[in-house]
Amino acid sequence: MIESPDRTPLPRDFFDRPVLEVAPDLLGRTLVRRSEDGLIELRLTEVEAYAGQADPGSHAFRGRTARNGVMFGPPGHAYVYFTYGMWHCLNLVCGPEGTASGVLLRAGEIRVGEDVAFTRRLSARHSKELAKGPARLATALDIDRTLDGADVCDDANAALSPLTILTGTPPVRDQVRNGPRTGVGGEGATHPWRYWIDGDPTVSPYRAHVPRRRAT
């Protein structure tokens, strides 16, 4: 039996490219999350690129730490971080080993497993809100630090892997938009490295960086 092209897992060499090539090419791909609660499949509609030590907005800008170590490893792995003491975010490592670049998965449309996602996203009013933003996406898919380093290109165990990326249905080129990344300040604020599918209702709203005020 010949597997349908849209169900074909993306190979590791898809991720072994410059981050600014990988990021827009992830739009329309299918993220598969397998867990004891059930299967969820999500079509990616919004992502952001982070260019490692060449990018002031990246966690890897100042070098390797215990937190960001996965980013320096081989491409095709998940980098999961915890932020604001509340939320997890899911990234995919790309580029040659040692470059520490990655793509933040910001939003998507859940096409399989809405019922499972709703049990985790109790505040969601409708399906378009389930994964509208990186923290919501991670919550809906039950992403946490136990998945940091997970191999999304494990061909030998693709059917059992907690995370897999399938070929999916990429949008036509004129549907892809790009602009500044959400919430990034400093020298990286103006990099137009956020990519999204134009007009898709699951795309999160853009928010500029707001500096934190220190308590007096």
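Here goes a summary of the coordinates provided. (Residues numbered from 1 in each chain as written. Predicted model: local features only at pLDDT ≥ 70, side-chain atom pairs only at ≥ 80, totals over all residues. Heavy atoms only, no water.)

1. Looking at the pattern of salt bridges
Okay, step 1: All chains considered together, the criterion is met by 15 salt bridges.
Okay, step 2: With a shortest N-O distance of 2.9 Å, Asp-37 and Arg-120 are connected by a salt bridge. Placement of Asp-37 in the loop between strand 1 (30-35) and strand 2 (38-50) and of Arg-120 in helix 3 (residues 114-120) is noted, with a sequence separation of 83 residues between them.
Okay, step 3: Look at Asp-37 and you get exposed, because its relative accessible area is 53%.
Okay, step 4: When the shortest N-O distance is used, the salt bridge between Asp-55 and Arg-181 registers 2.6 Å. (Salt bridge = Lys/Arg side-chain N within 4 Å of Asp/Glu carboxyl O. Helix = DSSP H or I, 4+ residues; strand = E, 2+ residues; numbered from the N terminus. Buried < 20%, exposed > 50% of the residue type's maximum accessible area, 1.4 Å probe, protein only.)

2. Thoughts on the environment of Asp-25
Okay, step 1: With respect to the secondary-structure elements, Asp-25 resides in helix 2 (residues 19-25).
Okay, step 2: Considering only alpha carbons, one finds Asp-25 and Asp-13, twelve residues apart in sequence, at a separation of 13 Å.
Okay, step 3: Residues contacting Asp-25, with those up to four places away along its chain left out, are Phe-14 and Arg-17. (Contact = heavy atoms within 4.5 Å.)

3. Some thoughts on the packing of aromatic side chains
Here the distance between the centres and the angle between the planes together describe a pair of aromatic rings.
Okay, step 1: Taken as a whole and judged by the stated rule, the model has two aromatic pairs.
Okay, step 2: Between Phe-14 and Phe-15, the ring centres sit 5.1 Å apart and the planes meet at 75°, which makes this aromatic pair edge-to-face. When sorted by exposure, Phe-14 lands in the same class as Phe-15, which is buried.
Okay, step 3: Ring centres of Tyr-79 and Tyr-81 lie 5.6 Å apart, and the angle between their planes is 40°; this geometry places the pair in the tilted category. Neither residue differs from the other here; Tyr-79 and Tyr-81 are each classed as buried.
Okay, step 4: Lying across the ring of Phe-14, Arg-17 places its NZ or CZ 4.6 Å from the centre.
Okay, step 5: Residue placement shows Arg-194 over the ring face of Trp-196; its charged tip is 4.3 Å from the ring centre. (Phe/Tyr/Trp six-rings, centres within 6.5 Å; stacked < 30°, edge-to-face > 60°. Lys NZ or Arg CZ within 6 Å of the ring centre and 35° of its normal.)

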